[in-house]
Structures are given as C-alpha cells and as structure tokens.
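So you can see what is in the structure, the chains are spelled out below.
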Amino acid sequence: QVQLVESGGGLVQAGGSLRLSCAASGRIFSNYAMGWFRQAPGKQRAFVASISRSGQPTYYTNSVKGRFTISRDNVKNTVYLQMNSLKPEDTAVYYCAASEGGSAYTFGPHDYDYWGQGTQVTVSS
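On a predicted model such as this, the values are computed, not experimentally measured, just so you know.

Q: Would you mind showing me how to read the environment of A104 here?
A: Structurally, A104 can be placed in the loop between β9 (92–99) and β10 (114–115). Accessibility expressed as a relative area gives 1% for A104, which makes it buried. In the structure, A104 is positioned 93 residues away from L11 in sequence and 29 Å away in space, judged by C-alpha atoms. Contacts of A104, omitting those with residues within four sequence positions, involve S50, I51, S52, P57, T58 and Y59.

Q: For this particular structure, what's the right way to read the pattern of salt bridges?
A: Pairs can form between side chains of opposite charge whenever their charged atoms are close. The final tally for this structure, using the stated rule, is 2 salt bridges. In this structure, the salt-bridge partner of D90 is R38, at a minimum N-O distance of 2.9 Å. Taken together, the positions of D90 in the loop between β8 (78–83) and β9 and R38 in strand β4 (residues 33–39) put the pair 52 residues apart, joining distant regions of the chain. A salt bridge links R67 to D90; its shortest N-O distance comes to 2.7 Å. Here R67 is found in the loop between β6 (58–60) and β7 (68–73), whereas its partner D90 is found in the loop between β8 and β9, with 23 residues between them in sequence. With respect to burial, R67 and D90 carry one shared label: buried. Taken together, the shared-partner salt bridges connect R38, R67 and D90 into one network.

Q: I'm lost on the sheet that holds β7 in this one. Help?
A: Strand-to-strand pairing in sheets goes through backbone hydrogen bonds, with the strands running parallel or antiparallel. Spatial strand order, β1-β3-β8-β7: 4 strands in an open sheet with antiparallel pairing. At either end of the open sheet lies a strand with only one pairing partner, and these are β1 (3–7) and β7. Between one strand axis and the next, the sheet turns by 15° as a mean value, whatever way the strands run.

Rules used in this analysis
- Residues numbered from 1 in each chain as written.
- Predicted model: local features only at pLDDT ≥ 70, side-chain atom pairs only at ≥ 80, totals over all residues.
- Heavy atoms only, no water.
- Helix = DSSP H or I, 4+ residues; strand = E, 2+ residues; numbered from the N terminus.
- Buried < 20%, exposed > 50% of the residue type's maximum accessible area, 1.4 Å probe, protein only.
- Contact = heavy atoms within 4.5 Å.
- Salt bridge = Lys/Arg side-chain N within 4 Å of Asp/Glu carboxyl O.
- Pairing = 2+ DSSP bridges.
- Axes fitted to C-alpha atoms, helices over the stretch in contact; angles between N-to-C directions.

Pasting the structure below:
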C-alpha cells in the first residue's frame, strides 16, 4: 500500500501561482511513476502531468505546457506540481497518483494504483 496526501491548494487570482505537494508513505517511493490529475465539477478526471521514477522524463497535457512543472524528490518521498500563470479554467480538485508499472507516459487514470484525497484549486478571474 502507498498512502498519498496532497497539500497546497487554495484560492488564487488569475495569473497567480500555487505549488501542490504530494507526500507518499508506505512503500519505496522511487519504485513508482507519479502523476497529477484534476477533476472539475461535472467533468471526468483528467490527466495533467506525469513523471518517471527517476524524475526524467516528464509529460504534460497540452493546456498546461509551459505553465506547470512536475518534479519529485525521492529523498523526501514527495512529488510537486508548480502551477504558474493560472487561469480560471484550471479550477478543479487536483489529485496525485502513483503507478507501480507505469512511466512518464502513463496517462490513463486506470493505470494508476494509488490516489490521494485531492486538494481544491480555485482560480478567480
């Protein structure tokens, strides 16, 4: 079992920044590819970014490229999502997820084995 706990969400104005953190415990963190997903009201959970076990490569959905950065610290057992130039359409609950058999190119929610509880990000216009 892997336990994931997200933090760092909140309310921010358009153009602002937030950094999400996801702390992992329970298994060897570096054995897992990690991903961030988001779910807006009335929509399905959608892929945002992913990162390999070592930290490279990374992958992003087109709508966040150049604005979001995913990174990880395998000593601190934490994955991060730095979000800059936030837009109202980024408003969603953000989830981190761990995939034991995945890679940086693992995009589907069903390919992830463990999930955090989510953290709300609200971007006001």
